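A look at the structure
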Amino acid sequence: MEHEVELIAGSYEQIVFGYKVDIGEKEWSLKADFTHHSHTASLSALAVSDRFVATGSKDETIQLYDLKKRVEHGVLLHHDGTISCLEFYGASHLLSGGEDGLLCVWSTKKWECLKTIKAHKGHVTSLSVHPSGKLALSVGTDKTLRTWNLIDGRSAFIKNIKQNAHIVMWSPAGDKYIVVVNGKIDIYSVETASVTATITNPKRISSVKFLNDVILAVGGDEETVRLYDIGTKKSICEFKAHENRVKALDSFTVEDYCVLVSASNDGFIKIWKLHLDQVLEPPALLGEVNSTARLTCLAVWRPGPLQESTGEGKVQASTSQATECELEPTKTKRIRISTEEVQANKYSEGALLPLFPPGVTMPVDWFGYGYASLVAAGGIMGYAKAGSFPSLIAGLFFGLLSAIGAYQRSQNPKNMSVSLAAAGILAVIMGIRFLNSGKLMPAGVMTGASILMLVKIGSDLL
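Small disclaimer: the values here were computed from a predicted structure and weren't measured. (Residues numbered from 1 in each chain as written. Predicted model: local features only at pLDDT ≥ 70, side-chain atom pairs only at ≥ 80, totals over all residues. Heavy atoms only, no water.)

Further remarks concern the UniProt feature "repeat: WD" (unreviewed entry) in the protein chain. Here the UniProt feature "repeat: WD" (unreviewed entry) sits at residues 36-68, 76-116 and 117-158. Secondary structure over residues 36-68 splits into 0% helix and 55% strand, and the C-alpha atoms at its two ends are 16 Å apart. (UniProt positions renumbered as here; feature names shortened; annotations may be inferred. Helix = DSSP H or I, 4+ residues; strand = E, 2+ residues; numbered from the N terminus.)

Along the chain, threonine 55 falls in strand S5 (residues 52-57). With relative accessibility at 0%, the residue threonine 55 sits in the buried group. For threonine 55, the side chain forms a polar contact with the side chain of histidine 39, separated by 2.7 Å. The contact partners of threonine 55, leaving out residues within four places of it in the chain, are Val16, His39, Leu43, Ala45, Leu46, Thr61, Ile62, Gln63, Tyr65 and Leu86. (Buried < 20%, exposed > 50% of the residue type's maximum accessible area, 1.4 Å probe, protein only. Polar contact = N/O pair within 3.5 Å; in protein donor to acceptor, adjacent residues only side chain to side chain. Contact = heavy atoms within 4.5 Å.)

Note: strand S20 (residues 205-210) against strand S21 (residues 215-220), 5 bridges, orientation antiparallel. Note that in S21 the partner of isoleucine 205 across the bridge is glycine 220. What sits between S20 and S21 in their antiparallel hairpin is a turn of 4 residues. (Pairing = 2+ DSSP bridges.)

As a further point, take the pattern of salt bridges. Evaluation of the coordinates by the stated rule reveals 13 salt bridges. Across the salt bridge formed by arginine 146 and aspartate 142, the nearest N and O atoms sit 3.4 Å from each other. Each member of the pair, arginine 146 as well as aspartate 142, carries the same accessibility label: buried. When the shortest N-O distance is used, the salt bridge between lysine 270 and glutamate 288 registers 3.7 Å. Separated by 18 residues along the polypeptide, lysine 270 in strand S26 (residues 268-274) and glutamate 288 in strand S27 (residues 284-290) bring together distant segments of the chain. Classification of lysine 270 as buried rests on a relative accessible area of 13%. (Salt bridge = Lys/Arg side-chain N within 4 Å of Asp/Glu carboxyl O.)

Residues annotated by UniProt as "transmembrane region" (unreviewed entry) correspond here to residues 366-384, 391-410 and 416-435. Helix makes up 100% of residues 391-410 and strand makes up 0%, while its end C-alpha atoms are separated by 28 Å. Secondary structure within residues 416-435 divides into 95% helix and 0% strand; the distance between the first and last C-alpha atoms comes to 28 Å.

With that settled, consider unusual backbone geometry. Located in the positive-phi region is tryptophan 111, a residue other than glycine, with phi close to 55°. A residue is classified by how much of its surface remains accessible, and tryptophan 111, at 0% relative accessible area, is buried. Non-glycine residue lysine 233 carries a positive phi angle of around 65°.

What follows deals with the side chain of histidine 242. Note on placement: histidine 242 falls in the loop between strand S23 (234-240) and strand S24 (246-254). Accessibility expressed as a relative area gives 1% for histidine 242, which makes it buried. Among the polar contacts made by the side chain of histidine 242, one reaches the side chain of serine 262 at a distance of 2.8 Å. Not counting residues within four places of it along the chain, the set of residues in contact with histidine 242 comprises Glu223, Ser262, Ala263, Ser264, Asp266, Phe268 and Lys270.

Soluble globular proteins tend to pack their nonpolar side chains together in the buried interior. Judged by nonpolar contacts, the single largest core of 24 residues is most densely connected at Leu7, Trp28, Ile269 and Ile271. Listing elements by their share of this core, those giving two or more residues are strand S1 (6-11), strand S2 (16-22), S24, strand S25 (257-264), S26, S27 and strand S28 (295-301). Per element, the largest residue contribution to this core is 4 residues, and it comes from S25. Core analysis: the second largest hydrophobic core is formed by 16 residues, Leu64, Phe88, Cys104 and Trp111 among them. (Core = buried A, V, L, I, M, F, W, Y, C linked by side-chain atoms within 4.5 Å.)

Pairing between sheet strands relies on hydrogen bonds along the backbone, with the strands arranged either parallel or antiparallel. If you trace the 4 strands from one edge of the open sheet to the other, you get S16-S17-S18-S19, paired in antiparallel fashion. Two strands in the sheet have a free side with no partner beyond their single neighbour: strand S16 (167-170) and strand S19 (195-200). Direction aside, the axes of adjacent strands within the sheet are offset by 20° on average. Bridge count for strand S17 (residues 176-181) against strand S18 (residues 184-189) is 6 bridges, and the pairing is antiparallel. The residue bridging lysine 176 from the neighbouring strand is serine 189, located in S18. (Axes fitted to C-alpha atoms, helices over the stretch in contact; angles between N-to-C directions.)

This part is about the pairing of S28. In terms of burial, S28 is largely enclosed, as 7 of its 7 residues are buried. Pairing between S1 and S28: 6 bridges, direction antiparallel. Bridge assignment links serine 11 to a residue of S28, and that residue is leucine 295.

So, in structure tokens, the structure goes:
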């Protein structure tokens, strides 16, 4: 149990992945433990305690999983908008922030919403709980940094930072904290509440992690991970970690060394061995796994003693206007476990759902299939109205090509070359026809649909 480690990752494809770390003498392996698909939009935040995993999404929900018992624990419906940040304080409380500007404090015993704080006029972009559990920091799109007294739920300090920060984090000792704006890291002293140093990263920062009180790991819109000494403000080590931008970092310790975990848009989760007294040397790659998904968030889970919760299986939900949470009516949810379909009450006592085993079906590209149908229908209509045989052939060919592309994207969202080629060629051809003829049907409609398809593909790449 001492060395039991599991890596939990969320993705654009709405999937939560779990990988158990098998610690070997020289090489480590990551074994698929579970995949779970309970969200209806991409995952935006993830947090773990020694028992629970909480995931936040653009679908406005927080899903809870009990990894000790390997069951789905329920859903929190308090926020109105994307869940932008989640953080546990020990095993007793969960804090959540969202696009609605709310900061919520939850008890993990009965999953009651203990406090609802209107934290920012805009979105809450990041939060961090002080190691003492008495204070929390938050930043938002109203260009403010706010300190919260978690005892009474009131604002203790507001600082206008004149920019929209997207990360705030306490140091492990709690004597300093950092605020990240794009590629700039401002280091604040608790004593003076002012910036004592600034570190500038070459690219926009997506994730930071304190490896100790002095060394900060930084990943962002590039393949490189950098380790900074916040005392000297200098990079003391950098290494190429991935083939695409680094989206998330976390760490844990094993014996006398630190293990850094990185996740990327390239689908890989990698684990690196670091001796913090020898950080000038590039870290050794201990192991890796390809999730085949575009990863957005990551956390390291290590189990603690199993303790019974008085609210077992009953998660309480509320609207964003309430300060107390009401029990959500029992819902029925159809789930698929392996090849057997079962029907269960989602939150009723004794009906907790097992996490799905490895092997998940990616979301179907309905938008792509709809576009393929429209293209084929356009060719058929052209033949029916004008007797144009070339229109029929072109419509059926590009419709089939687009359908193949939609199928490929449904199997692997990264495989978009066929869809991109079909939509791009049609946008050019039909765009020229529309400019020459000025006719809305079919040239104008097909041009607009092809451009929309290209925009959809482009947005999926982000």
